[in-house]
Protein chains: 2
Amino acid sequence: MSLDRNAPIGVFDSGVGGLTVVREIMRNLPGERIVYFGDTARVPYGSKSKATVLRYSRQIVRFLKTQEVKAIVVACNTASALALDTIETEVELPILGVVKPGASVAVHTTRNKRVGVIATESTIHSHLYRTLIQAEDPEITVLGKACPLFVPLVEEGWTKDPITREVARRYLRELLEKDIDTLIMGCTHYPLLRSLLRDIVGEQVTLVNPAYETAQVLKRMLSDTGLENPGGSGEKYRFYTSDAAENFDAFARSILPGRVPAAEQIPIEEY
Amino acid sequence: MSLDRNAPIGVFDSGVGGLTVVREIMRNLPGERIVYFGDTARVPYGSKSKATVLRYSRQIVRFLKTQEVKAIVVACNTASALALDTIETEVELPILGVVKPGASVAVHTTRNKRVGVIATESTIHSHLYRTLIQAEDPEITVLGKACPLFVPLVEEGWTKDPITREVARRYLRELLEKDIDTLIMGCTHYPLLRSLLRDIVGEQVTLVNPAYETAQVLKRMLSDTGLENPGGSGEKYRFYTSDAAENFDAFARSILPGRVPAAEQIPIEEY
């Protein structure tokens, strides 16, 4: 199959969190066009089963293919952990999740071979970060902790709040007692808590942001395959949601640079 | 249409929260059979739009009708606030939400005519509690406050935790400053925070639990229409979910009395 270099990159997430990945792609690949889909009618994925997340992800991939994307980024850690292994065998396009880029960087960052992962319930239970890290270096101990309150705290806007600090202290206590030197922020909302997490873990722990790492891997992949956008015509950024778009637009404008076009709602169940 | 008195009552919710309504029906109408559906694949509803919650509710009502229920209880405050007015014009069965019973009791409870409502974003924005209360007594002031962190805090199991107490103190501050004497717990999870809420609001504020009031209204309705179950054959309680049932079963067994049968997953999108 011959892919159009000028085609957009398809990016999807369970909701608004994947916009942190979009932000990194915009910063690091400014020539690329993006079509984003946020599954706001069925968000969150982090507490749902593998079969359900896979069914939803397949519908979204079918939608993105109608948008003639040249590659797909699964910007949701939960979908990357639960659905990507199956979807990549079914789609002829280059497809990339956020878990593997985050795991690879952690392997090279840790010095004491003790890596912490904070993520949703479903991502932690999948053990995919551990599996990928130990495939590269079996001597690394990977300690996971589900942090289900972080997403609602971020969505409440309490990113620098004493309550959030206390929640984070409790969630991270065990990982810090076990002397991790690297912490993967394994859910797209968590980089929005970066400064608060930094205060709690201290300067000696490296924070890994899979969104940033994914943009770097995407950049190399497009370059290696000759798919970099040479700069041309076409709408630069388009946003789609499965629920009403108003709340999405407000959040998107608060975290993305530049002019953000209004999102359009589509009936994802029909794909 | 002639309804079978021995038929079960259909109860639905966005997820597990409606089990607090089931608990009240079990306690107050011990002769009734129940078919419960929890939309765990699309939970929560509280941040979603009216159109989406209506579409989901219609699918669930269609499913419950295949179970030959004699009446339907919308155990979700958000669905009651956003979808019930439409659904009740479309269904020939007796159908009952949780908002109206809660609103009616608050009208008769308040002495200073200042009622507070805590609920999800979507329920608060619907203003339905206010509309129903002021339809009965226009002199009552109704003060609403969305509490989006309460559901995840309950699901984390932190119902008696200092962090939850601090969150509740912040959410309730404004309502208490405005001197409410009645507080409606307008989301099915909130009665699980009752003792913590009681500590914060003090003895002078009456806590209204719409789940309990709904069971009372259901009891009168079945009695008035001759639909009370005379006691007979048929499985007593059945539980269905849209996502994998394991987590649901654990929660159900933690809050319901007696033996709770395992839930069965059904493809709700196909209804």
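Reading guide: rules and limits
Residues numbered from 1 in each chain as written. Chains lettered and ligands numbered in written order. Predicted model: local features only at pLDDT ≥ 70, side-chain atom pairs only at ≥ 80, totals over all residues. Heavy atoms only, no water. Helix = DSSP H or I, 4+ residues; strand = E, 2+ residues; numbered from the N terminus. Buried < 20%, exposed > 50% of the residue type's maximum accessible area, 1.4 Å probe, protein only. Salt bridge = Lys/Arg side-chain N within 4 Å of Asp/Glu carboxyl O. Least-squares fit on C-alpha atoms with pLDDT ≥ 70 in both. Contact = heavy atoms within 4.5 Å. Buried area = accessible area lost by both parts, 1.4 Å probe. Polar contact = N/O pair within 3.5 Å; in protein donor to acceptor, adjacent residues only side chain to side chain.

Caption draft 1: Inspection of unusual backbone geometry at higher detail. A cis amide bond, omega -5°, links Val43 of chain A with the succeeding residue Pro44 of chain A. Relative to the elements of secondary structure, Pro44 of chain A occurs in the loop between β2 (34-38) and α2 (50-66). Residue His127 of chain A is not a glycine yet carries a positive backbone phi of 55°. Turning to its location among the elements, His127 of chain A is positioned in the loop between α6 (121-126) and α7 (128-136). For Glu68 of chain B, which is not glycine, the phi dihedral falls at a positive 55°. Topologically, Glu68 of chain B is positioned in the loop between α2 (50-66) and β3 (71-74). Glu68 of chain B sits in the exposed class, given a relative accessible area of 63%.

Caption draft 2: Quick look at the pattern of salt bridges. Enumeration over the complete set of coordinates arrives at 30 salt bridges over all chains. For Glu24 of chain B, the salt bridge is made with Arg27 of chain B, and the minimal N-O distance between the two is 3.4 Å. In this pair, Glu24 of chain B and Arg27 of chain B both sit in helix α1 (residues 19-28), three residues apart, roughly one turn of the helix. Given a relative accessible area of 55%, Arg27 of chain B falls into the exposed group. Each member of the salt-bridge network shares a partner with another, and the members are Asp39, Arg42 and Arg55 of chain A together with Glu269 of chain B.

Caption draft 3: Examining the relation of the copies chain B and chain A more closely. In the superposition of chain B on chain A (RMSD 0.0 Å, axial shift 0.0 Å), the rotation amounts to 180°. Look at the turn and shift together and you get a two-fold axis relating the two. Closest to the rotation axis within chain B is the C-alpha of Arg42 of chain B, separated from it by 2.3 Å. Of the residues that chain B buries at the interface, 100% are likewise interface residues in chain A, meaning the two copies contact each other through the same surface.

Caption draft 4: Local environment of the interface of chain B and chain A. Taken together, the contacts link 30 residues of chain B with 30 residues of chain A. Summed over both partners, the interface of chain B with chain A buries about 2,300 Å², with 50% contributed by carbon and sulfur atoms. When the buried area of chain B at its contact with chain A is split by residue, Leu149, Arg170 and Glu269 of chain B rank highest and sum to 24% of it. Scanning the region where chain B abuts chain A turns up six salt bridges. Applying the counting rule to chain B against chain A returns 16 residue pairs in polar contact (both at pLDDT 80 or more).

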